[in-house]
Amino acid sequence: MEERSQWGTRAGFVLAAIGSAVGLGNIWRFPAVAYENGGGAFFIPYLFALLTAGIPILIMEFTMGHKYRGSAPLTFRKINKRTEGIGWWAVLVAFIISTYYSVIIAWAISYSYFSFNLAWGEDTEGFLFGDYLKLADTPGEFGSLVPGVFIPLIIVWIIVLGVLVRGVKRGIEIANRIMIPTLVVVFLIIVIRAVTLPGAITGLDAFFKPDFTEILSPTVWVAAYGQIFFSLSIAFAIMITYSSYLPKKSDITNNAFITGFSNSGFELLAGIGVFAILGFMATSQGVGIDEVVAGGVGLAFVVFPAIINEFPAFKEFFGLLFFLSLVLAGLTSLISIIETYVAGLSEKFNISRTKSVLFGGGLAAILSLIFATQGGLFFLDAADYFINQFGVAALGLVEVILIAWILRKLGVFKSHANEISDIRIGSWWTISIGVITPIVLGYMMFELLRLNITKGFDTDTGNYEGYSDAFIMWGGWAVAIGALVIGIIFSFVKWKSNET
Ligand code: PHE
Ligand code: NA
């Protein structure tokens, strides 16, 4: 049995946790979500969610990893023999996310390259869907591989699996030590340029102007919790895995606060940068902010290239910086997602890290090719939509109910965290995890199910036109339930190592 890997330094662990948290969600998801849910007023539910769910669950997951020193399946098994399947379920969802997250990073690599001569031209939408992605006409239909996506996708997998093969300290830690500081510098340059563009202030006004009319609406609160869960990479087995490599003597609570606040700080910075740039665009076209606001793929690969075209100077340079920041933010998150199943496989089957990287990562790499085909975008959209909506709520809900109410572990975990941490946690933590989070997530799940049954999928973002509700619904549920069933089956497979 190989000795368990460990982080080399405290900063190494914290940077890796921040690297996982800071991802595409910070850059293209948070600004739009905040704007649509009350602008400045959104900070109230957002902060509330951070303090009653985000940081408390981070503390819980750090404690679980540190105490049981195992991947998510092993940790859940050590807590209770019958819950190993939950760990595999989370790992399998992480596996699915990795198959499409990698593809978006591949697009960002292509666009970094396109920046050198602004290859996207004037019609940025036509370029993305037509020239670049070569979208098939019918949703759900397979086409052939798109070389422009395939090549950068191979590069992504070589980088990521190369880092993972080198291990926790020599691979993951070093990669984050390089990529995260670089990301911060690159992003600061973009934000400084953004706020000094003409019209920037209009965008910032729109972003920060508080709209309190909807503040009591449940949708706003659900949006805040959803953003915090996704953004902090909690309930996806990631933070349990990363904290299982902490040395015995480590602070837990403090590290959770640093990770949580850094991620939110980066989100705020992205909000400022994105809206300053949108303000510039709106002003130069003489339209309102509402007409240029976007999130997700549309923001990054359609609106941004169009804005770069309008930049007063150094267009190519700023285009490159922007897409480079997507690449860096994405890679560090992707590494953390894949580590969940690399760790799980190598512990369960007692195989070396190299082998589990090759089997697990290799399989994900092959499956990711589906999204590199013509029409792959439809699958990607459907998967992302479903995981964002249901994955977060379902995994988080099962986790907190299990730990707080069924296995009743909060007391044990609290003492464990307090024994080794500077900051002591008390009833704030217990109430957040035992009461507030289950209520909010339970409501979230209930509402999502109700809306789906009564109205079908709410596809108001406009990204999903073209395929039927049934396509997303059956596809999404088949995959989610399939992951749970496979997870349970996995938990019955005999452990090849004697770690348990
Ligand atoms: N936290 C990442 C982000 O903000 C996304 C992510 C979610 C990464 C789940 C891994 C797992 O983009
Ligand atoms: Na994030």
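How each quantity is defined
Residues numbered from 1 in each chain as written. Chains lettered and ligands numbered in written order. Predicted model: local features only at pLDDT ≥ 70, side-chain atom pairs only at ≥ 80, totals over all residues. Heavy atoms only, no water. Donors = N, O, S within 2.8 Å, 3.2 Å for Na, K, Ca; no water. Tetrahedral: all angles 85-135°; square planar, octahedral: opposite > 155°, others 65-115°. Helix = DSSP H or I, 4+ residues; strand = E, 2+ residues; numbered from the N terminus. Buried < 20%, exposed > 50% of the residue type's maximum accessible area, 1.4 Å probe, protein only. pLDDT = per-residue confidence, 0-100. Contact = heavy atoms within 4.5 Å. Near = heavy atom within 4 Å. Polar contact = N/O pair within 3.5 Å; in protein donor to acceptor, adjacent residues only side chain to side chain. Phe/Tyr/Trp six-rings, centres within 6.5 Å; stacked < 30°, edge-to-face > 60°.

Caption draft 1: Fine view of the coordination of the sodium ion (ligand 2). Taken together, Ala 21 (O), Asn 26 (OD1), Ser 231 (O), Ser 231 (OG) and Asn 263 (OD1) make up the protein donors of the sodium ion (ligand 2), found 2.2 to 2.8 Å from the metal. For the sodium ion (ligand 2), the six donor atoms in the first shell make angles of 79 to 174° at the metal, a pattern classed as octahedral. Along the chain, the residues that donate to the sodium ion (ligand 2) are spaced as A-x4-N-x204-S-x31-N. Highlighted residues: Ala 21 in helix H1 (residues 10-21) and Ser 231 in helix H10 (residues 218-231), separated in sequence by 210 residues. Summarising the burial analysis for this pair, Ala 21 and Ser 231 share the class buried.

Caption draft 2: Expanded view of the confidence of the model for the chain. Residues at a pLDDT of 70 or more form 94% of the chain, whose mean pLDDT is 92. Per-residue pLDDT stays below 50 along residues 459-465; that stretch engages in seven contacts with residues further than four places along the chain or on separate chains. In the model output, the complex is listed with pTM 0.95 alongside ipTM 0.97.

Caption draft 3: View of the site of ligand 1. Inspection of the region around ligand 1 gives 13 residues, with Ala 21, Gly 25, Phe 230, Ser 231 and Ser 233 positioned closest. With respect to ligand 1, the backbone of Ser 20 contributes an N or O atom lying 3.4 Å from a nitrogen atom. Separating an oxygen atom of ligand 1 from a backbone N or O atom of Leu 24 is a distance of 3.1 Å. Among the elements of the structure, H1, helix H2 (24-36) and H10 are those that each provide at least two residues to the shell around ligand 1.

Caption draft 4: Region of interest: the packing of aromatic side chains. For the structure on display, the rule yields 39 aromatic pairs. Seen in terms of ring centroids, Trp 120 and Phe 323 are 6.0 Å apart; in terms of plane orientation they differ by 55°. Their pairing is tilted. Remark: Phe 323 occurs in helix H14 (residues 315-349) and Trp 120 occurs in the loop between helix H5 (84-114) and helix H6 (124-132); sequence separation between them is 203 residues. Each of the two residues, Trp 120 as well as Phe 323, counts as buried. Following the ring pairs from residue to residue traces out a cluster consisting of Trp 28, Trp 107, Tyr 111, Tyr 113, Phe 114, Trp 120, Phe 127, Tyr 132, Phe 301, Phe 304, Phe 322 and Phe 323.

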